[in-house]
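If you want the building blocks of each chain, they are given just below.
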Amino acid sequence: MSATDQNGSGSGIDAETWAAAQSSPEFAQLRKRLRNFVFPVSALFLVWYLVYVLLADYAHGFMSIKLVGNINVGLVLGLLQFVSTFAITTWYVRYANKNLDPVAEKIREDVEGGGK
């Protein structure tokens, strides 16, 4: 049983191959692309959520402004939290399909081809 199999990966690819893949320029590019998307979008969403929470706690008058019937600003902003979550998910999937998956696929092919 190889050291890799003992660690539970079960792929049969040795540690040196994984280390070489991780130190490759393609892997660095993949990490950079992922971080360039995830960190700013996460920060933006957290700020948006924090603004919503602060408005709900400290701006009762603003949040209770009725827009249509019994629908007020607070309800609309709360529902927009869900909409923004789905929008970010869709945006990420499209970004990953275009910018991350091709690079990850190349790395996978290199690792699997070089490990056999």
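Residues numbered from 1 in each chain as written. Predicted model: local features only at pLDDT ≥ 70, side-chain atom pairs only at ≥ 80, totals over all residues. Heavy atoms only, no water.

Caption draft 1: The arrangement of the UniProt feature "transmembrane region" (unreviewed entry) in the protein chain in detail. The sites that carry the UniProt feature "transmembrane region" (unreviewed entry) are, in the present numbering, residues 37–55 and 75–93. The span residues 37–55 is 100% helix and 0% strand, and its two end C-alpha atoms sit 27 Å from each other. With 100% helix and 0% strand, residues 75–93 has its two end C-alpha atoms placed 28 Å apart. (UniProt positions renumbered as here; feature names shortened; annotations may be inferred. Helix = DSSP H or I, 4+ residues; strand = E, 2+ residues; numbered from the N terminus.)

Caption draft 2: Examining helix α3 (residues 25–58) more closely. Taking 1.5 Å of rise per residue, 34 residues should cover 50 Å, and α3 covers 49 Å from first to last C-alpha, within 8% of that figure. Taken residue by residue, α3 has L30, F37 and V41 as its buried positions. (Expected span 1.5 Å × (residues − 1). Buried < 20%, exposed > 50% of the residue type's maximum accessible area, 1.4 Å probe, protein only.)

Caption draft 3: Structural view of the pattern of salt bridges. Within the structure shown, the criterion is met by 4 salt bridges. Between D110 and K106 there is a salt bridge, with its nearest N and O atoms 2.9 Å apart. Taken as a pair, D110 and K106 lie in helix α5 (residues 73–114) at a separation of 4 residues, close to a single helical turn. Overall, D110 belongs to the partly exposed group, its relative accessible area being 42%. Look at the salt bridges and you will find they share partners, linking E26, K106 and D110 into a network. (Salt bridge = Lys/Arg side-chain N within 4 Å of Asp/Glu carboxyl O.)

Caption draft 4: Quick look at the nonpolar core. Counting residues in hydrophobic clusters, the biggest one holds 11 residues: I13, A21, L30, F37, V41, Y95, A96, L100, V103, I107 and V111. Elements supplying a minimum of two residues to this core: α3 and α5. In terms of residue count, the dominant contributor to this core is α5 (6 residues). Discounting chain neighbours no more than four positions away, the residues touching F37 are W91, Y92 and Y95. (Core = buried A, V, L, I, M, F, W, Y, C linked by side-chain atoms within 4.5 Å. Contact = heavy atoms within 4.5 Å.)

Caption draft 5: The arrangement of a nonpolar patch on the surface in detail. Side chains of F62, I65, L67, V68, I71, L75, V76, L79, L80, F82, V83 and F86 sit close together on the surface and give an oily, nonpolar patch of about 1,100 Å² of accessible area. Those elements that provide at least two residues to the nonpolar patch are β1 (66–68) and α5. As for its placement among the helices and strands, L67 is situated in strand β1. (Patch = residues over 30% accessible without salt bridge, like charges linked within 9 Å, V, L, I, M, F, W, Y side chains within 5 Å. Areas by Shrake-Rupley, 256 points an atom, 1.4 Å probe, with all protein chains shown as cover.)

Caption draft 6: The arrangement of the confidence of the model for the protein chain in detail. Within the protein chain, residue pLDDT values average 89, and 88% of them lie at 70 or more. When the criterion is pLDDT under 50, residues 1–8 qualifies, and its contacts beyond four places in sequence or with other chains add up to 11 contacts. (pLDDT = per-residue confidence, 0-100.)

Caption draft 7: Local environment of the packing of aromatic side chains. Summed over all chains, the structure comprises 3 aromatic pairs. When the ring of F37 is compared with that of Y95, the centres are 4.7 Å apart and the planes differ by 20°; the resulting orientation is stacked. With F37 in helix α3 and Y95 in helix α5, this residue pair connects regions lying 58 residues apart in the sequence. For the pair shown, F37 and Y95 are each scored as buried. Connected via pairs of aromatic rings, a cluster forms that spans F37, W91, Y92 and Y95. (Phe/Tyr/Trp six-rings, centres within 6.5 Å; stacked < 30°, edge-to-face > 60°.)

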